[in-house]
Amino acid sequence: MSRTIIPLWNNWLFKKDFNNSDIRKDIATDDFTPVGIPHMVQEIPYNYFDERNYQCISCYRREFAVDESMRGSRVFIDFEGVMAAATVYINEKEVGTHKGGYTPFSFDITDYVLYSKSGAADNLLVVEVDSTERADIPPFGFAIDYLTYGGIYREVCLRFVPEVYIKDVFFQPLDSDKLEKKLLANIEFENTGAENKDITYSLVLKDMQDTIIAAVTNSCIAAAGTSFQRAVLTDLQDIQVWDIENPQLYRAELCIVSDTSRDEDIISATVGFRTAEFTPEGFFLNGKQIKIRGLNRHQAYPYVGYAMPKRAQQDDADILKHELGINLVRTSHYPQSKHFLNRCDEIGLLVFEEIPGWQHIGDEAWQDVACKNVEEMILRDRNHASIVLWGVRINESPDSHNFYLRTNEIARRLDPTRQTAGVRCHANSDFLEDVYTMNDFICGSVQPDTLRDRALRPQREITGQADLVPYMVTEFAGHMYPTKRFDQEERLVEHATKHLMVQNTAALNPHICGAIGWCAFDYNTHYNFGSGDRICYHGVMDMFRIPKFAAAVYASQMPPSKKAILEPLTRYTIGERSIGGIAPLMICTNCDSVRVVIGEQDLGLFYPSKERFAGLEHPPIIISQIEGVWGGGWLDAAFIGYVNEKEVAIKRFACNPTAVDLAVHSDHTELSAYEPDTTRITVKLTDRFGNELSFSDAIIKVQLEGPAEIIGPKEFALIGGVRAFWIKTKFESGTVTVNVASEGFKTKQITIQVT
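Calculation rules
Residues numbered from 1 in each chain as written. Predicted model: local features only at pLDDT ≥ 70, side-chain atom pairs only at ≥ 80, totals over all residues. Heavy atoms only, no water. Helix = DSSP H or I, 4+ residues; strand = E, 2+ residues; numbered from the N terminus. Buried < 20%, exposed > 50% of the residue type's maximum accessible area, 1.4 Å probe, protein only. Contact = heavy atoms within 4.5 Å. Domains from an automatic or database assignment. Pairing = 2+ DSSP bridges. Polar contact = N/O pair within 3.5 Å; in protein donor to acceptor, adjacent residues only side chain to side chain. Salt bridge = Lys/Arg side-chain N within 4 Å of Asp/Glu carboxyl O. UniProt positions renumbered as here; feature names shortened; annotations may be inferred.

An unreviewed UniProt entry lists the protein chain under the name Beta-galactosidase, with Treponema phagedenis given as the organism.

See the structure below:
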């Protein structure tokens, strides 16, 4: 019997409490609610809610069938992520418990399932989900600056494998810097029978069009229990390396081959041939020095927290790479969705992945769970080409020498190909990892006029090391300068300036591998952090992934051949700033020059401030003076960007902005009925030049027809002229019609096909 995977996405029943009797088959389920996976135990408002509402012990039930033809297979139940502890029952029998909400786990349920010839769902799966903040599970034990939304928020599936199966394989590209490359497979076989068994297995490398590049077949004896083997493909030629501009992937497959020429078991993964090294002289990818310019990501979304399907995770990676133009993301502060990581592989976005935690280290049992998290993270993710660094230290925690000896040892043993790092906020910290990573918030404690000289502290001042070491800044700005998208213009500009100055400083220092800003998106948090409304406004985008001024700092560093960026950091009104006017005006752009026209007056060409921002490939343009008269004489403006003396972008502003359009856009117009799927729909009021009306709080009403539903409220106010919402499918095909209305405007309609 070959490997078979059966997803368990829908047909669940949920109840927001748990009783011992809930594991029984014969109970009434009138008090349960039908739900699908991914699922959060309770939707929450956008802000001003009590996080204790989802901190409960809840119950999930699902009936499933196991066909008689599957008898003889081993049967597993696989969970990608349950927050924060799960006890699993099959047919009223407990089969196991897992602690930790961010890493996958599996249980062998072969001895518990019932087989059916009729296809009847004779088996009952019950999951007791403890979403309280338990002191024995990382990251809990003290306060943490993010929320851990409860529920079964990642995929669940049944897995059927033969008696001898592939338990794990690490596909390890070798000699990636040489003309002839190799692929090593470190294999773990599991023989669940009582006797040793002769097996034949093959290692195959294919391109992404499924053409076989190389293959090798070996034989071995699979001893009862666990055994380890190695297979290698050599003399691999014409292999393209994976990098951020050309993320070339290949598919590696390992299969146990039967006498009937049918694969008994098979595991595959995408792999990339590349070298990645952090050194005292900087970061090198395939031998080429690259300055890291990154952002931190929380995997949280409005209303449903972590419980968002694959497409939303993929979209976040695309936003980071293609809209913000960064080259590395840190998965703060926990392992994130495999779909997010898969997309990072595909688009060439580097990843620094770390274990769950925030400042606090618990007792020995707590540390054991944390060490298990290291193991689960690396075993799940070590085949990803995008991951270049393992975070094996609890974020911003104090030194704990023996604990961090353990975490580093686990990482190096399970994956000798990657370096380790540990994010700290304390100088002169115990340095057990390969890369010294530091949250340097000095930019928030100095005045803007001195920021140029003190945006980051010198490396040796931080590390306390006599010699230079591999060093990277992993957070800056953030809580030192929280900024709402609807804040006053000067604060938004200063927020962007801090990101500019830190990235410029990092770029000029050859002994800093790069800087990762805090953070990409605003996120929900506990009441004792953030702005008191359960939101930390630290992102360069808000929770709906709508940009603030600081987003243009990152986007403007993309080459103009990819996308021309022209973002004057202003709302273009005479009275928004203190005293008035819009000068000095900073323009984040990758254009060679920008022409400014006010009314009929051509003010001429303006050029990037290369002297002030010498480290940036595309420095901003700073215009020190633009005339405007309080109470009169304010005229329309046009900013025209040029590359190689050709016009590539234009941004227009109205002197008297009024609402002329209700603009509605869906990120996707085709969704899947087969699996959980979603799309974001953005709504904004715009003036005659298409600019959002930054202080509008107009009421929006949404109606939906078809096989989908709205996540969150159907009626809401715009936030700073813009807001977004997501819809999710219902495992049915058909046409979804979304009507978006606001008083005084024609209703806009979007049609989405679910197939």
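Q: Report on the environment of Ala 223, specifying residues and quantitative values.
A: You can see Ala 223 is positioned in the loop between strand S16 (212–222) and strand S17 (225–236). Relative accessible area serves as the criterion here: at 27%, Ala 223 is assigned to the partly exposed category. Placed 59 residues apart in sequence, Ala 223 and Val 164 show a C-alpha to C-alpha distance of 9.5 Å. Apart from residues lying up to four places away in sequence, Ala 223 is in contact with Asn 191 and Asn 196.

Q: Let's hear about the domain arrangement of the protein chain: which residues, and what values?
A: Segmentation of the protein chain into domains returns domain 1 (4–161), domain 2 (164–262), domain 3 (311–551), domain 4 (568–653) and domain 5 (661–754). For domain 1 and domain 4, the distance between their C-alpha centroids amounts to 55 Å.

Q: Break down the pairing of strand S36 (residues 601–606) for me, with residues and values.
A: Where strand S35 (residues 593–598) and S36 come together, 5 bridges link them in antiparallel fashion. Bridging from a neighbouring strand, Val 594 pairs with Phe 606 of S36. The hairpin turn running from S35 into S36, its antiparallel successor, is 2 residues long, and Gly 599 in that turn takes a positive phi close to 60°.

Q: How would you explain the pairing of strand S4 (residues 57–64) if you had to name every residue and give the values?
A: S4 sits mainly inside the fold: 6 of its 8 residues count as buried. With 3 bridges connecting them, strand S2 (residues 12–15) and S4 associate as antiparallel partners. Paired with Phe 14 across the bridge in S4 is Tyr 60. Examined bridge by bridge, S4 and strand S10 (residues 123–130) share 8 bridges and lie antiparallel to one another. Each residue of the ladder has a partner; that of Ser 58, found in S10, is Val 129.

Q: For helix H2 (residues 338–347), give the residues involved together with the corresponding values.
A: Among the residues making up H2, those that are buried are His 339, Phe 340, Leu 341, Cys 344, Asp 345 and Ile 347. Sitting at the amino-terminal end of H2 is Ser 337, which places a side-chain oxygen 3.0 Å from the backbone nitrogen of His 339. Gly 348 occupies a position one or two residues after H2 and carries a positive phi of about 80°.

Q: Describe the pattern of salt bridges, naming the residues involved and giving the relevant values.
A: The final tally for this structure, using the stated rule, is 52 salt bridges. The shortest N-O distance in the salt bridge between Glu 709 and Lys 728 comes to 3.7 Å. Of the two residues, Glu 709 sits in strand S44 (residues 708–711) while Lys 728 sits in strand S46 (residues 722–729), which places them 19 residues apart along the sequence. The class for Glu 709 is partly exposed, based on a relative accessible area of 33%. The partly exposed category is assigned to Lys 728, whose relative accessible area is 25%.

Q: Can you lay out the side chain of Asn 91 for me, pointing to particular residues and giving the numbers?
A: By secondary structure assignment, the location of Asn 91 is in the loop between strand S7 (85–90) and strand S8 (93–99). Residue classification places Asn 91 among the buried positions, given a relative accessible area of 11%. Of the polar contacts made by the side chain of Asn 91, one reaches the backbone oxygen of Tyr 112; its length is 2.8 Å. When neighbours within four sequence positions are excluded, Asn 91 is seen to be in contact with Lys 25, Tyr 112, Val 113, Leu 114, Asp 122, Asn 123 and Leu 124.

Q: So what's going on with the UniProt feature "domain: Glycosyl hydrolases family 2 sugar binding" (unreviewed entry) in the protein chain? Residues and values would help.
A: Mapped onto this numbering, the UniProt entry annotates "domain: Glycosyl hydrolases family 2 sugar binding" (unreviewed entry) at residues 43–159. The annotated region residues 43–159 carries 0% helix and 40% strand content, and the separation between its end C-alpha atoms amounts to 30 Å.

Q: Account for the sheet that holds strand S20 (residues 276–279), naming residues and giving values.
A: Spatially, 3 strands are ordered S20-S21-S22 in an open sheet, and the strand pairing comes out antiparallel. The open sheet is flanked by S20 and strand S22 (288–289), the only strands paired with a single partner. With 2 bridges connecting them, strand S21 (residues 282–285) and S22 associate as antiparallel partners. The partner of Leu 285 across the bridge, within S22, is Lys 288.

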